[in-house]
Amino acid sequence: MSTIQRKEIFESKWQAALLVLPTLTVLAVFLYYPFVQTIDLALQETQLLGNAEYVGLSNFEQLLTSDRYRNSLWVTTWFAVLTVSGSLLVSTYLAFLIHETVRGSSWYLIAAIWPYALPMAVAGSILNFIFHPELGIFTNVLEVLFGVSLNWHVDGTQAFLLVSAATIWKGIGYNVIFLVAALGLVPESLDEAAKLDGIGRTQRLVRIYLPLISPTLVFLLIINSIRSFFGGFSLVDIMTGGGPNEATNLLIFNLYQDSFTYNQFGLGSAQSIVLFLVVSVLMYVQLKKVEKFAYYG
Amino acid sequence: MVHDSDRLSDLLSRRKFLSMSGTVGAVALAGCSSSGDDGDDGSTDNVDGGGDESADTDDTGGSDDADDGNDDSGNDASLSVWYSIGGDKGDLVATLAEEYGEETEGVALSSSHEGSYGETFDATLRGIRNNDPPALAHLNAVHTVPTYNSGSFQPIQSIIDDVNPDDYIGAALDYYRVGEDNQFMALPFNASSPVLMYNKDAFEEAGLDPEGEEYEPTFQEFRNVCEAIVDDAGFDSGATWGNITWFVENWFALQNQPFVNNENGRAEAPTEVNLDSDAAERFYTWWMDLYDDDLYQLSDSWGDARQAFVNQDAAMLIDSSSNIVAQRQAAEEAGYEMGLLEVPSSEETWAGALIGGGAMFVPRGIDDQTARAAGEFAKWVASPEQQARWHQGTGYYPVHKDSIEILEDDGWFEEQDGMRLAMDQLLDSEDTPATRGALIEDHGQVRDLLSNGADRMFDGEDVSSVLSDVKSDVDELLARSA
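Here the structure is a predicted model, which is why all the values come from computation and not from measurement. (Residues numbered from 1 in each chain as written. Chains lettered and ligands numbered in written order. Predicted model: local features only at pLDDT ≥ 70, side-chain atom pairs only at ≥ 80, totals over all residues.)

## Focus: the overall build of chain A
When helices and strands are counted, chain A shows 13 helices and two strands. Its C-alpha atoms give chain A principal-axis dimensions of roughly 75 × 75 × 30 Å. Per-residue burial for chain A yields a buried fraction of 37% across its 297 residues. (Helix = DSSP H or I, 4+ residues; strand = E, 2+ residues; numbered from the N terminus. Buried ≥ 20, exposed ≤ 12 C-beta atoms within 10 Å, placed from the backbone.)

Structure, rendered in structure tokens:
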């Protein structure tokens, strides 16, 4: 790299600055300024009409001592672990199957991507009907065939598992696109050699493909983790409203509820800072630690 | 390989960006639609602090402008009305507004549906913050305290000082009285209370009197009826209603037990919720016993409960009176006849039903002429004729006493079986702190804490221990906002 000559594209630094200005302005107005304002708000107790007083770190103190918030942290952690691992496992296996399929693989690909194309709000409403404890089609089939009765309007664990499963299902399409692409980049000769040596399908997936697509897996791990913290909102809002008894009260939903339904903007801002910190630390750790397992050739 | 995958990830990050913005969009959408279909939803409604709104926001964002052609006359008071009722009932509100705009000179009226009660309240607050409030905001009963405490709303009584409070049905108006001088903050527009709807055909099959004349509105009798319906009429369950705290508060009122202390928050800001009272214990135990014995079907929302009643999974439904007309029609389409009865209470007392619904609030920050025009419109929609019409179209009680006469002359009560009984439930209510309903700053949040508590009971936790947990959470919240 060092041998390549750096070429000055712009005649002056001012010209360069001028050209990045539009982007910077957008970022400043829509990202940095609100971020600073959020920090400022987090230190205040806000009244209904926005008149506020500075209360130092008392919002954070209230969060740390709140059972509701601690429960929400706990729920979100489990949600992240479950959806990220579940989603990666399922989509890797699906992508591998699609990759291995000789005929009609593009149809399978489309089928796998389809759920991703569905807006979250729509998916949530449909799932609500299908899995409705009393009226749902799926619930009815489960009950008739297996004698299992779904009761997730009451049972917190069931509600949590249902929302998690729906999130996994919803995320498959996105992951599969990347994984199929990554699998396609693995040289066929490697696969052929393994096949000639009589290596089974699972072994080929684990020993040959997974190491070679590890950069994509790391990328997906990070994206999926971010999503699990910020993205569960729609399904929770539509399907469970955080219930029953806060069993699906994700941090992002709790934040929304405190800020916008209970009009506690200070407390909500404090939560968004906590969420930001949690995700930042998680990203840092993942990038530093997990990256080592990725094989870049 | 390396090179390729680098390029791939470049491409990916762009895609990622796109998809992330897509997700943000979806989240925004979800925000809108959650109060759409689920507008009836108990939890959503609790969150919104709405008492009993139903068929709420099918047409969110629909704005019904009635100010066409009036803008040119410069002297008109421009009157913007934001309301919280959607669906067919919302259309009726828009029609009323339009008619008023047309027949009133000097007023350019525009009305818009801002979503649920909670959403309209938020929108109004934003308007106040930006110095552009509506002239009239249609909000829920539970917004009485927040509007008063914020200091950004003017008590409507001070604007329409020529009205005689005695003209209005006491139970409907008194909820909105607040503060030292006991002025009413808002003029009620749509008043409702919980009623018991039942399937007459099911009663007949169960060997009960289909006209319900032998029915006594007590907890024990209600249980007996449920048992008969399940055992003899072959229903899955006897009754259903949503886990909605407004109903729970009604059961406090029925038993003449204030929901919170300090005279239900009317003497001064409440500091304790009365979940440790006998009334609370009696009601919750009865409710959970019904559930445990499969006599009661738990519904997650208003809509779920109505569906179960229409599907004839349950033969009785506790719902808002505002839904009587729509529900009766649904029952007819489903092929059975629906009747109305009183919501059961404990044997000891019957004090009266709790009011819910909405009223017209006037923000500050508008000029006097507009405020007066707003008051006039609020008076007009609460007038005997309009209230009679509104009642017939929805089931909401008329708030004006003279409406009853109009309805009687019209033969309405003979035609609408049971409606009289529902009305009487309200007219016969004693005026006590318990029946006036609670005044709480964070009413919506309190309701959520209670419905979460009920969830825990349904999940098998002990009634008394959940009640004492919830009490301490609510008390903590009350202390914070006091």
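Following the structure, the description resumes.
## Here's the deal with the overall build of chain B
Looking only at helices and strands, one finds 22 helices and 14 strands in chain B. At a minimum sequence separation of 6, the contacts of chain B that also span at least 24 residues come to 78%. (Contact = placed C-beta atoms within 7 Å.)

## Topic: the domain arrangement of chain B
Residues and elements named next belong to chain B. Annotation of chain B at the domain level lists domain 1 (63-192 + 355-410) and domain 2 (194-352 + 435-481). Each of domain 1 and domain 2 has a C-alpha centre, and these two points are 29 Å apart. Taken together, the 20 residues of domain 1 in the interface contact 15 residues of domain 2. Mapped by element, the contributors of at least two residues to the side of domain 1 that touches domain 2 are α5 (144-150), α7 (170-174), β8 (187-192), β14 (356-363) and α16 (384-394). Looking at which element gives the most residues to the side of domain 1 that touches domain 2, the answer is α5, with four residues. (Domains from an automatic or database assignment.)

## Structural notes on the pairing of strand β4 (residues 136-140) of chain B
Residue and element names in this part refer to chain B. In terms of residue burial, β4 counts as a mostly covered element, since five of its five residues are buried. A two-sided burial pattern is seen for β4, the buried positions comprising Leu 136, His 138 and Asn 140 on one face and Ala 137 and Leu 139 on the other. Sheet topology note: the strand β2 (residues 77-83)/β4 ladder contains two bridges and is parallel. Each bridged residue has a counterpart across the sheet, and for Val 81 the counterpart in β4 is Leu 136. As judged from the four bridges shared by β4 and β14, these two strands associate in the antiparallel manner. From the neighbouring strand, His 138 faces β14, where its bridge partner is Met 360. (Pairing = 2+ DSSP bridges.)

## Concerning unusual backbone geometry
Residues and elements named next belong to chain B. Of note, Asn 182 is a non-glycine position whose phi angle comes to about 60 degrees, a positive value. Within the secondary structure, Asn 182 is located in the loop between β6 (177-178) and β7 (183-184). Positive phi, normally seen in glycine, also occurs at Asp 294, with a value near 60 degrees.

## Details of the packing of helix α7 (residues 156-185) of chain A against helix α10 (residues 214-230) of chain A
What describes two packed helices is the angle between their axes and the distance between those same axes. Residue and element names in this part refer to chain A. Where α7 contacts α10, the two axes come as close as 10 Å, and the packing angle between them is 165 degrees. Considering their axes alone, α7 and α10 lie roughly antiparallel with respect to each other. By crossing handedness, the relation of α7 to α10 is classed as right-handed. Together, Gly 171, Asn 175, Phe 178, Leu 179 and Ala 182 of α7 and Thr 216, Leu 220, Asn 224 and Arg 227 of α10 make up the contact between the two elements. Looking at the contact of α7 with α10 residue by residue, the class counts come to four nonpolar, four polar and one charged. (Axes fitted to C-alpha atoms, helices over the stretch in contact; angles between N-to-C directions. Parallel < 35°, antiparallel > 145°, perpendicular 65-115°, else oblique. Left-handed = near helix turned anticlockwise from the far one by under 90°. Nonpolar A, V, L, I, M, F, W, Y, C, P; charged D, E, K, R; others polar.)

## Remarks on the sheet that holds strand β10 (residues 237-242) of chain B
Residues and elements named next belong to chain B. Spatial strand order, β11-β10-β12-β9-β13: five strands in an open sheet with mixed pairing. In the strand order of this sheet, the two ends are held by β11 (296-299) and β13 (338-341), each with one partner. Averaged over all pairs of adjacent strands, the angle between strand axes in this sheet comes to 25 degrees, irrespective of strand direction. Bridge count for strand β9 (residues 194-199) against strand β12 (residues 314-320) is five bridges, and the pairing is antiparallel. Note that in β12 the partner of Tyr 198 across the bridge is Met 316. The sheet strands contacting helix α14 (residues 324-334) are β9, β12 and β13, and the helix crosses β13 at an angle near 145 degrees.

## Description of the environment of Asp 122 of chain B
In this fold, Asp 122 of chain B is placed in helix α4 (residues 117-129). Separated by 268 residues in sequence, Asp 122 of chain B and Trp 390 of chain B have C-alpha atoms that sit 26 Å apart.

## Quick look at the packing of α7 of chain A against helix α11 (residues 233-240) of chain A
All names here are of chain A. Running from N to C, α7 and α11 cross one another at 135 degrees; their axes reach a closest spacing of 10 Å. In terms of axis orientation, α7 runs oblique to α11. Helix-helix and strand crossings are classified by hand; for α7 and α11 the assignment is right-handed. Here α7 contributes Ala 159, Val 163, Ala 166 and Thr 167 to the contact with α11, which in turn contributes Leu 235, Val 236, Met 239 and Thr 240. Within the contact of α7 with α11, the residues separate by chemical class into six nonpolar, two polar and no charged.

## Concerning the environment of His 153 of chain A
Looking at where His 153 of chain A falls in the secondary structure, it is placed in the loop between α6 (137-146) and α7. Residues His 153 of chain A and Pro 133 of chain A, spaced 20 residues apart in sequence, show a C-alpha to C-alpha distance of 7.1 Å. Excluding anything up to four places from it in sequence, His 153 of chain A contacts Pro 133 and Pro 244 of chain A together with Leu 298 and Asp 300 of chain B.

## Notes on the pairing of β8 of chain B
Residues and elements named next belong to chain B. Of all six residues that make up β8, six are buried, and the element is covered over most of its length. By the bridge criterion, five bridges tie β8 to β14 in an arrangement that is antiparallel. Within β14, the residue paired with Leu 187 across the bridge is Met 360.

## Quick look at α4 of chain B
Over its 13 residues, α4 of chain B runs 18 Å from end to end, which matches the ideal 18 Å to within 8%, given 1.5 Å per residue. Looking at the residues trailing α4 of chain B, positive phi occurs at Asn 131 of chain B, about 55 degrees. (Expected span 1.5 Å × (residues − 1).)

## Some remarks on the confidence of the model for chain B
When the pLDDT values of chain B are averaged, the result is 83; 84% of them are 70 or greater. pLDDT under 50 marks residues 1-73 of chain B. Its contacts with residues more than four places away, or in other chains, come to 164 contacts. (pLDDT = per-residue confidence, 0-100.)

## A look at the environment of Gln 257 of chain A
All names here are of chain A. Relative to the elements of secondary structure, Gln 257 occurs in helix α12 (residues 251-261). The exposure class of Gln 257 is buried, given the 23 C-beta atoms found within 10 Å. A sequence separation of 177 residues divides Gln 257 from Ala 80, and the C-alpha atoms of the two residues are 20 Å apart.

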